Every structure is written in C-alpha cells, then in structure tokens.
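Topology and contacts: notes
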Amino acid sequence: DSGVTQTPKHLITATGQRVTLRCSPRSGDLSVYWYQQSLDQGLQFLIQYYNGEERAKGNILERFSAQQFPDLHSELNLSSLELGDSALYFCASSVTLAVNEQFFGPGTRLTVL
Amino acid sequence: GQQVMQIPQYQHVQEGEDFTTYCNSSTTLSNIQWYKQRPGGHPVFLIQLVKSGEVKKQKRLTFQFGEAKKNSSLHITATQTTDVGTYFCAVPMEYGNKLVFGAGTILRVKS
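Attention in this report is confined to the structure presented alongside it. This structure is a prediction, so every number in the text was calculated from the model and none was measured. (Residues numbered from 1 in each chain as written. Chains lettered and ligands numbered in written order. Predicted model: local features only at pLDDT ≥ 70, side-chain atom pairs only at ≥ 80, totals over all residues. Heavy atoms only, no water.)

**Structural notes on unusual backbone geometry**
With omega at -10°, the peptide bond leading from Thr7(A) into Pro8(A) counts as cis. With respect to the helices, strands and loops of the structure, Pro8(A) is situated in the loop between strand 1 (5–7) and strand 2 (10–13). Even without being glycine, Lys69(B) reaches a positive phi, approximately 60°. Along the chain, Lys69(B) falls in the loop between strand 7 (61–65) and strand 8 (71–76). (Helix = DSSP H or I, 4+ residues; strand = E, 2+ residues; numbered from the N terminus.)

The following block contains the structure:
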C-alpha cells in the first residue's frame with residue numbers, strides 16, 4: 001500500500017460524458033501527478049500540481065482538466081469522452097516539487113463505451 | 001524533446017535464468033529511476049541512480065548508470081516467478097518537473 005488513494009476503482013461511461021477522478025496523496029506529500037496508461041501509449045504524464053498550483057503539463061488534452069484543493073487532494077476531470085480515452089489513470093504523489101521518488105495510487109480504470 | 005528508449009519490449013525467461021533491460025537516452029541525464037509494475041497493479045518505485053557509473057544492488061537486482069549518464073540497465077539474477085511484471089525506467093524532462101517513462105519491458109517467467 002503506497003498510501004495514495006484513488007476513487008473510483010472502475011468507471012464505465014458513454015461517449016460524450018464527463019467524469020471526475022479523485023486522488024488523495026500520501027500524508028505530507030505536496031506534489032500530485034496524473035498519468036494515463038493505455039496499451040498503445042504506455043505511461044503518459046498528464047499534469048502536476050504542487051501545493052495547489054499547476055507546475056508542469058504533459059500531453060494533456062484540452063478536454064481534460066485538473067485541480068488540487070487546499071487539503072491537497074486532487075481531481076482529474078475528463079469531458080466529452082471518446083472511446084480512445086479508455087485507459088488506466090494513475091495518480092502519484094511525492095514530497096517535493098523536484099522529480100524524485102513517486103508513489104503511485106492503485107489507479108482508476110476508465111471504460112468509455 | 002526528452003526521449004528514452006527501453007529494450008527489449010518483452011522477454012520470456014525460464015525460472016532461474018537472468019534478465020536484463022536497458023534504457024538509453026539521447027541526452028545526458030541528471031538521474032534515472034526504475035519502477036516495477038506487477039500485472040494488474042500500479043508502478044512501484046525501485047531505485048534512483050544519480051552518479052556517473054553508479055551501481056546499486058537490491059538482493060538479486062543490480063542497477064547500473066552509465067559513465068556518460070545516458071544509459072542505464074537493470075539486471076535480475078536467477079529470476080523467480082515473483083519477478084514477473086513490467087519494468088520501467090523514468091527520466092526527468094529537460095525542463096520542468098516531470099518524468100518521462102520508457103515504454104517498459106514486460107518480463108514473463110516460466111516455472
């Protein structure tokens with residue numbers, strides 16, 4: 001158990017819908033990262049938040065957005081969902097802003113039908 | 001942009017055989033990390049290498065960082081069925097605070 005929690009574990013929805021994925025980092029970790037893992041694209045970095053502020057962006061689609069709240073939990077919002085958005089979404093956390101050891105949550109498996 | 005090539009993509013070994021996965025970068029790296037993801041699980045941090053020529057061991061796992069800090073390897077001696085999973089290397093982006101993951105090497109072990 002990494003100490004990072006993610007909900008829900010599984011999510012099945014239809015194209016065009018909007019979903020919200022939630023992540024709670026390890027106690028004391030200020031950085032939260034979101035990743036998308038699909039069979040053909042591997043593990044792709046989406047976005048990083050540090051202490052409530054966006055600090056780094058990857059190839060995140062405009063239909064996707066995220067935020068980190070004062071209690072440091074984070075939410076990833078995916079809208080106008082397409083079939084290709086079906087993937088595992090991982091949240092990871094680390095203590096600092098710098099790129100060091102990251103602790104991954106169990107992931108949310110999103111299926112878009 | 002920062003790219004890291006990881007090979008092989010897939011390896012199937014007999015239990016007791018050795019296994020090695022390699023990561024290569026076109027640019028000099030400040031550090032490299034290794035993660036393991038079990039089937040159905042999430043990536044788990046194994047180690048971070050920082051120094052040129054660094055070699056670190058964790059039981060049957062040996063991690064090396066090249067002298068030029070552009071490549072790294074993970075070697076497992078005498079594989080066991082518990083070693084199955086995907087091994088990823090991850091390197092920091094040239095700018096910013098994010099990691100770029102290699103494509104991963106899937107290890108399967110036949111008992």
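**Some thoughts on the packing of aromatic side chains**
One pass over the full model with this rule turns up eleven aromatic pairs over all chains. Judged by centre distance (6.1 Å) and plane angle (80°), the rings of Phe90(A) and Phe104(A) are edge-to-face. Of this pair, Phe90(A) sits in strand 9 (residues 87–94) while Phe104(A) sits in strand 10 (residues 103–104), placing them 14 residues apart in sequence. Exposure class is identical for Phe90(A) and Phe104(A). Each is buried. Members of the aromatic cluster, joined through ring pairs, are Tyr35(A), Phe45(A), Phe90(A), Phe104(A), Tyr35(B), Phe45(B), Phe88(B) and Phe101(B). Geometry around Phe103(A) places Arg26(A) over its ring, the cationic atom sitting 3.5 Å from the centre. (Phe/Tyr/Trp six-rings, centres within 6.5 Å; stacked < 30°, edge-to-face > 60°. Buried < 20%, exposed > 50% of the residue type's maximum accessible area, 1.4 Å probe, protein only. Lys NZ or Arg CZ within 6 Å of the ring centre and 35° of its normal.)

Just distances and angles here, no functional claims.
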